[in-house]
Amino acid sequence: MEKVPLYIKTENCLLNSMIRINELVKKAKTLQMKALTITDSNLFGAREFYLACKKNDIKPIIGLEMKVDSFLIIVYAKNKIGYHHLIKLSTIQSQRELTKKDLVSFSSDLIAIVPYHSRELYFELNKIYKDIFLGYSTLEQRDVCREIDEKHLIYLKEILYLEKEDYQYLNYLYAIEHLKIVEDIGKRGHELKLIDNIDEKNNHYIFNQCNFIWEEEQNLLPVYPCPNGYQKEEYLRYLCKEGLKERFGQKVPKIYIERLKYELNVIHKMGFDNYFLVVWDYVNYAKKNDILVGPGRGSAAGSLVSYCLKITDIDPIRYNLLFERFLNPERITMPDIDIDFENTRRDEVIDYCIEKYGSKKVAGIITFGTLGAKQVIRDVARAKDIDNKTVDQLCRLLDSRLSLKENYQQNKNVSQMIESDHEIKELYRVASKLEGLKRHTSIHAAGIVMCNKDLDEVIPLYHTQSMYLTGYSMEFLEDLGLLKMDFLALKNLTLIDHVLQDLKKDGISLSLNKISFHDEKTLSIFKEVNTVGIFQFESTGMKNFLRKLKPNSFEDIIAALALYRPGPMGNIDTYIRRKQGKEKINYYHPNLESILKPTYGILIYQEQIMQVANVMASYSLGEADVLRRAMSKKKEEVLLKEREKFIQRSIRNGYSEKVSTEVYELILKFASYGFNRAHSVAYSVISYQMAYLKAHYPLYFMKNMLTNVIGAGNMTKSYIYECKLNHIAILKPNINQSEKNYKITPQGIVFALCNIKNVGNQAADTIIEERKKGPYIDIYNFISRTYSKAINRQTLVSLIYAGCFDSFGVNRHTLIENLDVILNYAEVITYLDEESTLKPVLESYEEYSKSELLAHEKEVFGFYLTNHPVTEYRAKRNIDLSIYEVEKYFDQFIDIVVSIKEIKKIKTKKEETMCFVEGEDEEGSIDMVLFPIQYEEYSMIKIGDIIKVHAHVEKRFDKLQLVIK
């Protein structure tokens, strides 16, 4: 008689179980179990559990632990109806406590077990469930249960880990969950094992009765409510025709009309009319409400229908983009239109969809935070009450990309620290056991699922304060027939929008959709590598590439985005040599020249691969996309078959066997990293638009760049230096001029109040609101109007050190020394009016020295605003090079002046001392290395020193560093 463990809880009961589903199934297989249950307090793991069991010929029984009136009960799905009832109950349980009324509503086709400690509910629940049992886990409990109902008893033991010795680790999970110090809670006897030899016909009954089989749901795509009289296909055609006229006027080129007809027919045959209407609707909503939408992303930019509907702003015919790369009738997959919205307003679009279609028809996608390497070390250390200093030291050594085991094996500093301290060794042992377990729920950054029926008819939902989330994570949704749509938040769009809004306020109306893509001023941003703040073009590596490439067309920018990725990078030098006429271009055959000419004979884009197969071997574009996918995934059987097909067809079309073979091998080589041209074009448009704004409206662009990084000292410092390079003055804050954010004036950009230490939103609001009544006349006038309204002593000190009151004609040292007098006046003025209160005379002091003023600036800004100590020394040494420019000199020797920010000494294998130094100047910071010989000579260096170094520019982990000679 088959027996099944009935109360297994997995890691999906967050921080309450040690059991991972894959390990559970593997263990069950070892024990030759024929069935398994999952009875978490949610259904997060149900789909994964089902698939893993089926794959290993184990019968999956899906259950749910529920709490009713503070008592636990467990229910199991007999079939599809029972599973649907579990979904409903799980969804409700994520939102509020279940009631007996809920149980009644969703009771059919479920088997219930009432655990021993919930036995007082048994008779009441007996009236609700047709199949119900009373659970016990000891012989003593069984004797008590026999007096309640002798026939319907069942052995029920909670299983929370797989091996007997694992009970000790469970205590740590409880300690982490409840933020307590670990104690031996005594959770023994919770491991998975073959059930004790007890006669269990009721257990066998559950084994026989639970036969749920997952069936894929059909037609779940969301439905757009068309206006009266329109079918969805007709309405889509109408919108596209109107959109085409809007794009081209009354004279639409024939090629566009034919392409539109073709795309609409494919979309209709594949059943996706509704899908396009839904996407059009929420993009249309965003645009009508002045929410900036990206020009497109991914293969959807290759669709003329998307362009006509203004879902995208990329003309696919102009840029030679292929619809089949997006939707292919020969390879039926879900469409995938991902949309970028400005990051501060993305949620408004999601809220619109929820309002229109229903809160249960639109859901975010659940994700899970795990106990990662550093996280689990910190969590276990807290549970063991180990001091933070030791933990910080260990975490600094860890590479978060590696597991704890890999860190131990690959990093000698980690292994030495662990082996030298018993407490740390024990911490590491426990943490390694818990690493990777699910810790908390989270929300997928972009994914939204939309459905034509309530999602909890199909999957469990998990309720949060803002919206429902899918109860299954992303990888388990599509094969259930559900469609994920990405609503992406792109901060670059927010920046663009803010620049456009600022221009509008100043009477400058600009439509980025109408700018020229041959604008010399804009192209010079890329050519001269002035790309700080430009989407996709800010990294050191990309800037080095641009220096060599010297792009002089929008097509070069598109190619740069596609080439600067792992894989295609190998073609960068060839591309540049060919562009510069230093290397012969091979098109393999005259018929391929038009396809390969824009990229100098190099296959860069996936669309080129499809076009070559189409021209040479008469593949339909749909077939060519199947070939491309097979090649990119290295499907050997398909590749052998396609090789013969490609070569034979090409020969039939008049190409030689040599050329046919050569081209096939070329395609094969490039297919694995060919880039989606549609995506490259779409994102290049954003990059170009930003460059256009930077080139033509630099003050507005940099003002918003700086506002975006308020609170981030290093980024602010970098952008301030960028302003200097672009001849934009950054003016110190002024109490009568500064706003919360950065502000444009004819003289330059005024520093933001909210970027001064100790000046928060409330203080800034108080200063600005009060200033609307009239400017501040002097320090007494300021303090009398603001002191009792969010301005305190600390805030006042920061404002003084920042130079906010310099315009009053009193130096900073005098204000600081008279602070008590000023604040006493503020106290008095609260009782008397300003006119009848005599202003005390301030005792004058000589202003702080230059170095003191700079030190105070650094204290309140996090960097030097007016000048950096390095600046004057650089001038004295006649050295122009800054840290910002170091990237231009990779693998060369340089002289540079820096201030020492940090020093870290370590011992080498030979027990010699070497040193890592962080140096900084007005632009940024850089890591420097002193090897033992150099360190011996310069061991006297200390933090704060300003030094000139002669060094070699190298890379370590893709980051520039200076090796000091």
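See the structure above.
Residues numbered from 1 in each chain as written. Predicted model: local features only at pLDDT ≥ 70, side-chain atom pairs only at ≥ 80, totals over all residues. Heavy atoms only, no water.

I would appreciate a short explanation of the overall build of the protein chain in the present structure.
Within the protein chain one finds 39 helices and 20 strands. Across its three principal axes, the protein chain shows a C-alpha extent of roughly 95 × 85 × 75 Å. Looking at the protein chain alone, contacts between residues at least 24 apart form 69% of all its contacts between residues at least 6 apart. Of the roughly 44,600 Å² of accessible surface on the protein chain, 48% is carried by carbon and sulfur atoms. The protein chain carries 133 positive and 133 negative side-chain charges, and their two centres are separated by 4 Å. (Helix = DSSP H or I, 4+ residues; strand = E, 2+ residues; numbered from the N terminus. Contact = heavy atoms within 4.5 Å. Areas by Shrake-Rupley, 256 points an atom, 1.4 Å probe, with all protein chains shown as cover. Lys, Arg positive; Asp, Glu negative; His and termini not counted. Charge placed at Lys NZ, Arg CZ, Asp CG, Glu CD.)

In this structure, what is going on with the pairing of strand 17 (residues 913–920)? I would like to understand it.
Consecutive side chains along a regular strand alternate between the two faces of the sheet. With six of its eight residues buried, strand 17 lies for the most part within the structure. One ladder, built from eight bridges, connects strand 16 (residues 893–907) with strand 17; its direction is antiparallel. Looking across to strand 17, one finds that Glu-902 is bridged to Glu-918. Where strand 16 folds back onto strand 17 in an antiparallel hairpin, the turn is made up of five residues, including Glu-911, whose phi is positive at roughly 65 degrees. In this structure, strand 17 lies alongside strand 18 (residues 925–930), joined through six bridges in antiparallel fashion. What sits directly across from Glu-918, in strand 18, is Asp-927. Where strand 17 folds back onto strand 18 in an antiparallel hairpin, the turn is made up of four residues. (Buried < 20%, exposed > 50% of the residue type's maximum accessible area, 1.4 Å probe, protein only. Pairing = 2+ DSSP bridges.)

Looking at this model, I keep getting lost on helix 33 (residues 779–786). Mind explaining?
Side chains that are three or four residues apart share a direction in an α-helix, a result of its 3.6 residues per turn. Burial within helix 33 is extensive, with seven of its eight residues counted as buried. Within the span of helix 33, buried status applies to Ile-779, Tyr-780, Asn-781, Phe-782, Ile-783, Arg-785 and Thr-786. Looking at the packing, one finds that the buried side of helix 33 touches helix 32 (761–771), helix 34 (793–801), helix 35 (812–817) and helix 36 (819–829). The opening residue of helix 33 is Asp-778, an N-cap whose side-chain oxygen sits 3.1 Å from the backbone nitrogen of Tyr-780. (Polar contact = N/O pair within 3.5 Å; in protein donor to acceptor, adjacent residues only side chain to side chain.)

Could you clarify how one ought to interpret the pattern of salt bridges in this entry?
In a structure, side chains of opposite charge can pair up when their charged atoms sit close to one another. Scanning the entire structure with this criterion turns up 64 salt bridges. A salt bridge links Arg-439 to Asp-379; the nearest nitrogen and oxygen atoms lie 2.7 Å apart. Here the residue Arg-439 occupies a position in strand 9 (residues 438–450), and Asp-379 occupies one in helix 14 (residues 373–384), the gap between them amounting to 60 residues. The class for Arg-439 is partly exposed, based on a relative accessible area of 21%. (Salt bridge = Lys/Arg side-chain N within 4 Å of Asp/Glu carboxyl O.)

Got a minute to help me understand helix 10 (residues 254–269) in this structure?
Its 16 residues place the ends of helix 10 23 Å apart at the C-alpha level, agreeing with the 22 Å of an ideal helix rising 1.5 Å per residue. All buried positions along helix 10 are accounted for by Tyr-256, Arg-259, Leu-260, Glu-263, Leu-264, Val-266 and Ile-267. One side of helix 10 carries all its buried residues, which in axial view fall inside an arc of 160 degrees. Along helix 10, exposed side chains directed more than 90 degrees from the buried face belong to Lys-254 and Lys-269. Residues of helix 10 that are buried make contact with helix 9 (232–248), helix 11 (273–288) and helix 12 (304–308). Backbone geometry just downstream of helix 10 places Gly-271 in the positive-phi region, at approximately 80 degrees. (Expected span 1.5 Å × (residues − 1). Arc of directions from axis to C-beta.)

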